[in-house]
Structure formats: structure tokens, C-alpha cells
Amino acid sequence: MRTKGAEGRGRATGPASGFLENPVVGMAPWILFSLLVGPGRFEVAVGIALAAALALVVVGRLVHRAASWKLLELADVVFFAALAVIGALAGDGTLRWLETYAGEIANLTLTVIAFGSMAVRMPFTLQYARERTDPSLWHAPAFLRANYVITGAWGLAFLVAALAGGFGDLVLHNPDNIWTGWIIQILAIVAAVRFTVWYPQVLRARADGRGGAPRAAGLLLPLAGLLVPIGIAVLVFDGNVWWLGVTLIVAGGLLTKSLQARS
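Quick summary incoming for the structure in this document. (Residues numbered from 1 in each chain as written. Predicted model: local features only at pLDDT ≥ 70, side-chain atom pairs only at ≥ 80, totals over all residues. Heavy atoms only, no water.)

Of the regular secondary structure elements, the chain holds 11 helices and 0 strands. Secondary structure elements in the chain, listed N-terminal to C-terminal, are α-α-α-α-α-α-α-α-α-α-α. Residue burial in the chain is summarised as follows: out of 263 residues, 41% are buried. Within the chain, residue pairs in contact and separated by at least 24 positions form 71% of the contacts whose partners lie at least 6 positions apart. Taken as a whole, the chain presents about 13,300 Å² of accessible surface, with 69% of it coming from carbon and sulfur. (Helix = DSSP H or I, 4+ residues; strand = E, 2+ residues; numbered from the N terminus. Buried < 20%, exposed > 50% of the residue type's maximum accessible area, 1.4 Å probe, protein only. Contact = heavy atoms within 4.5 Å. Areas by Shrake-Rupley, 256 points an atom, 1.4 Å probe, with all protein chains shown as cover.)

Looking at the second largest pocket, its volume works out to about 230 Å³. Lining the second largest pocket are 13 residues, and of these Ile178, Trp182, Ile183, Ala233 and Phe237 sit closest to its centre. Those elements giving two or more residues to the lining of the second largest pocket turn out to be helix H9 (178-208) and helix H10 (216-237). Class assignment of the residues belonging to the lining of the second largest pocket gives a composition of 10 nonpolar, 1 polar and 2 charged. (1 Å grid on protein atoms, 1.4 Å probe; cavity = no way out; pocket = protein on both sides within 12 Å on 5 of 7 lines; lining within 4 Å. Points joined across faces, edges and corners; volume = space filled by probe spheres on them. Nonpolar A, V, L, I, M, F, W, Y, C, P; charged D, E, K, R; others polar.)

Topologically, asparagine 177 is positioned in the loop between helix H8 (141-170) and H9. Judged by its relative accessible area of 17%, asparagine 177 falls in the buried class. Within the local environment of asparagine 177, its side chain forms a polar contact with the backbone nitrogen of tryptophan 179, the two atoms lying 2.9 Å apart. For asparagine 177, the contacting residues outside a window of four places in its chain are Leu172 and Trp182. (Polar contact = N/O pair within 3.5 Å; in protein donor to acceptor, adjacent residues only side chain to side chain.)

The subject of this paragraph is the pattern of salt bridges. One pass over the structure, following the stated rule, counts 1 salt bridge. The shortest N-O distance in the salt bridge between glutamate 131 and lysine 70 comes to 3.0 Å. One end of the pair, glutamate 131, is in the loop between helix H7 (125-130) and H8; the other, lysine 70, is in the loop between helix H4 (42-63) and helix H5 (71-89), and 61 residues separate them in sequence. Accessibility assignment for this pair places glutamate 131 and lysine 70 in one class, buried. (Salt bridge = Lys/Arg side-chain N within 4 Å of Asp/Glu carboxyl O.)

A separate point is the packing of H5 against helix H6 (residues 92-119). Their axes nearest at 12 Å, the elements H5 and H6 cross at an angle of 160°. Compared by their axis directions, H5 and H6 come out roughly antiparallel. For the pair H5 and H6, the crossing hand works out as right-handed. Facing Leu71, Leu72, Ala75, Phe79, Ile86 and Gly87 of H5, the residues of H6 in contact are Leu95, Leu98, Ile105, Ala106, Thr109, Leu110, Ile113 and Ser117. (Axes fitted to C-alpha atoms, helices over the stretch in contact; angles between N-to-C directions. Parallel < 35°, antiparallel > 145°, perpendicular 65-115°, else oblique. Left-handed = near helix turned anticlockwise from the far one by under 90°.)

Tallied over the full model, the rule gives 2 cavities of 30 Å³ or more. In this structure, the largest cavity encloses a volume near 150 Å³. Taken together, 20 residues form the lining of the largest cavity, with Ser34, Val37, Glu104, Pro175 and Gln185 sitting closest to its centre. Elements with a minimum of two residues in the lining of the largest cavity: helix H3 (23-36), H6, H8 and H9. Looking at side-chain class alone, the lining of the largest cavity contains 5 nonpolar, 10 polar and 5 charged residues.

Moving on, we come to H5. For H5, with 19 residues, the first-to-last C-alpha span of 27 Å sits near the 27 Å given by 1.5 Å per residue. Taken as a whole, H5 has its buried residues at Leu72, Glu73, Ala75, Asp76, Phe79, Phe80, Leu83 and Gly87. Buried residues of H5, viewed axially, fall in a sector of 155°; they line one side. H5 presents Val78, Ala88 and Leu89 as exposed residues on the side facing more than 90 degrees away from its buried surface. (Expected span 1.5 Å × (residues − 1). Arc of directions from axis to C-beta.)

Shape is all these values report; function is a separate question.
What follows is the structure, given as C-alpha cells:
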């Protein structure tokens, strides 16, 4: 919710401002990098992530001149600039190591940022949430608790992504495994994105005393919807378990219809 008082402090309004005030935007370079990086793709992944990080900083300052510098956007630029320099100077052996493990390094770094920001009592989503909230609510227990919960959800999502990628690299010895390198990581991120939208809706409904608070079905619906494209991907890229692909497609369709009816 935005108030005249908040606008009077010089904060920009409009679609572009609302887009930049979403913490998911600040994590976009990391998400892009962790999904793109792999054998033969390190330089491309770093270049895209660094370009995205710089673009967010520049656009953010142009659209939102009064906005504070955020921990996440600064970490974006520093991390990917450092990786770009290391990649440019690294030998073939080091580059191959980075191609294999840089995705896990990125996800673990984000996990540390998420839980570390909570440890110092400044969950990183708080900086974004304050720009969309009346200053009188900035220190309200419910507002602070919501940001701890959402930041914790992101920390867990990146930890799951790191563990999945690490299992694919260290146990399966296959960085491009469709499950550990793509499906599990994408599901973790989508779950966190959806939770970031859903949880504040629940809190607002409770605070307003409305009986029609968003149900858990609304949280699970996007994940159920992903089962169909995941099943198709399994059929295309892992034909040895075609039966699993068919099962996921059928289950995704049935679950989506059931959750739509409940939500």
C-alpha cells in the first residue's frame, strides 16, 4: 500500500517503480546465472548476470532516485564483476571447475545473504518492502515478522537449489542432469516467488478480518501447473523414464483442475 506521505518523500510511482520494488527483481541476476551456468557456458552466464545486475542498478537510480542502495543489488554487481575478472584470468583447469561449481557457489552465497541478513536483523526483503509501505508501519511486529518469513523462504529455496546442484555435480557427476540441474532448482525458485506474493495476501486478509483469506491451494497452483511442462521435458530429454513424464503430465492436469476449484 502506498500513501501520499510515501510519495512525498520522492519515491517514484507507476509500473516501472513497482517492478523494481519487488525483491524477486534483485535476485534475477542470480537466478539467471544459476540456471544458465554449466560446461562451456560460464562466460555467457556471467556476462548475462552482470549485465542484468548493472541494468537494475542504473534503471533503479533513474526511476527511483530517492531509493536507498540495497544489499542485494550491491551484492549482485560485486559478485558477478568478481566472477567475470576471475573467469578472464583463470586457466583452463580453473575455468572448468567454475563451469561445474559456480552455480552452487552462487546459490550458497545467496543462502548466506538471506540467513545472514536475518541474523543482523535486516532481512534483505525489508529494504524492498519499505518502499511499498507507509513509514508508520516499518517497525510494526507483523511487518517485520512477514519479512523474516519471506526472506527465510528464499534462503531455503536457494539452499535446496545448491544441494540439488551439488548432488548432480558430486554424486551423479552430471552438471546438466535434468532433475538436479534444472527441475528441482526451478521448482524451488518458483515456490519462493509464489510464496512472496501469497504470504502478504494472507496477512492482509487476517488483519482486515476478512473471511476469504487466500487458501493454500493458491500457493500450490503454480507448482501444480509446472508438472505438465516438466513431464514434457522428461519425455523429450530423458526418454528412458517416459512413464514418469506421462505420469507428471496427467498428475499436473488433474491437480491443476482440483486446486483451481478449491482456490
